[in-house]
Amino acid sequence: KGALSMNILLINLTRFGDLLQTQPVLAGLAAKGERPGLACLAHFAAATELLRHVDYVAAFPDADLLRDLDAHWGKSLARLKIWKDEVLRGFPPDRVLNLTASLSSRLLARMLTPSGGELVGFGMDTFGFGQNEEPWTAFLQASTRKRGCSPYNLADVLRKVAGVADIAPEYILNAPAAKVRAKIRALLDEALAANVQLKATNFDLLSASGPTVMEEGGAITAAEEVEEDDPDNPKGVDALFGNDEDD
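Residues numbered from 1 in each chain as written. Predicted model: local features only at pLDDT ≥ 70, side-chain atom pairs only at ≥ 80, totals over all residues. Heavy atoms only, no water.

To continue, consider the overall build of the protein. The secondary structure content of the protein amounts to 10 helices and 8 strands. Within the protein, buried positions represent 32% of all 247 residues. Expressed as a percentage of contacts within the protein between residues at least 6 apart in sequence, the contacts between residues at least 24 apart total 55%. Taken as a whole, the protein presents about 14,900 Å² of accessible surface, with 58% of it coming from carbon and sulfur. (Helix = DSSP H or I, 4+ residues; strand = E, 2+ residues; numbered from the N terminus. Buried < 20%, exposed > 50% of the residue type's maximum accessible area, 1.4 Å probe, protein only. Contact = heavy atoms within 4.5 Å. Areas by Shrake-Rupley, 256 points an atom, 1.4 Å probe, with all protein chains shown as cover.)

See the structure below:
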């Protein structure tokens, strides 16, 4: 590989939304001539189809590892080694960019960084302690705990950590495939129909039991509330809505 075609493996073992916000980072790295690969949680791997400029996807088998760990730690360790070997064969990284601050992700990044290779982002020293490779990584770790205090959008902080802040950002995602859009539309229609039915059912129940007033500890009927406030009130529900005979 030439100097402008280095493999860089991004590690993002976070949530769906955070994964999609790596799009400007991927675009910036590709603009620099690097080949971005992405390691993400297995149950979010399908979402990487929405990301542009991804040359390789390594789906981290987190659920399988936990299941194996329940059986025997050695089985889980063997699965991790198999996954690591597959990644290093399929996409041998020249650099690793870890965007996840957890200790396990730091260890994974250290494990995937080749001898003499560069680790950017959240790292780990030889004693097993986490270390941040540059100031923006430390800022990212602090701001993720209180995102409302950060003056920057998460996607822009990730660009600074990756060293592509000087490249015009690209925020556009790939459109979902037609079959995916059709499935989403069907799910939304099903959810809407279920919601309408639920509201209708709730309305019928409320109509049958009379007006309700929410109170700590549960809902009580409006008539019961009047009786609680004035046990001697003989008119019950009529007191709430008025009685034509009293007008």
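That was the structure; now back to the text.
Oppositely charged side chains may form a pair once their charged atoms are brought near each other. Per the counting criterion, the structure on display carries 9 salt bridges. Residue Arg 95 pairs with Glu 34 through a salt bridge whose shortest N-O separation is 2.8 Å. Taken together, the residues span a long stretch of sequence, with Arg 95 in strand 4 (residues 95-98) and Glu 34 in the loop between helix 2 (23-31) and strand 2 (35-41) at a distance of 61 residues. Between Asp 85 and Lys 81 there is a salt bridge whose closest N-O contact spans 2.9 Å. (Salt bridge = Lys/Arg side-chain N within 4 Å of Asp/Glu carboxyl O.)

Bringing helix 6 (residues 135-145) into the picture now. Regarding helix 6, the residues found buried are Thr 137, Leu 140, Gln 141 and Ser 143. Buried residues in helix 6 make contact with helix 5 (103-112), strand 5 (118-124), strand 6 (130-132) and helix 7 (154-162).

This next bit is on the pairing of strand 1 (residues 7-12). By the criterion of burial, strand 1 is predominantly enclosed, with 6 of the 6 residues buried. Here strand 1 shows two buried faces, one formed by Asn 7, Leu 9 and Ile 11 and the other by Ile 8, Leu 10 and Asn 12. By the bridge criterion, 6 bridges tie strand 1 to strand 2 in an arrangement that is parallel. Paired with Leu 9 across the strands is Gly 37, a residue of strand 2. Looking at chain direction, strand 1 and strand 4 are connected through 4 bridges and run parallel. Bridge pairing links Leu 9 to Val 96 in strand 4. (Pairing = 2+ DSSP bridges.)

The quantities given are spatial measurements derived from coordinates; they are silent on function.
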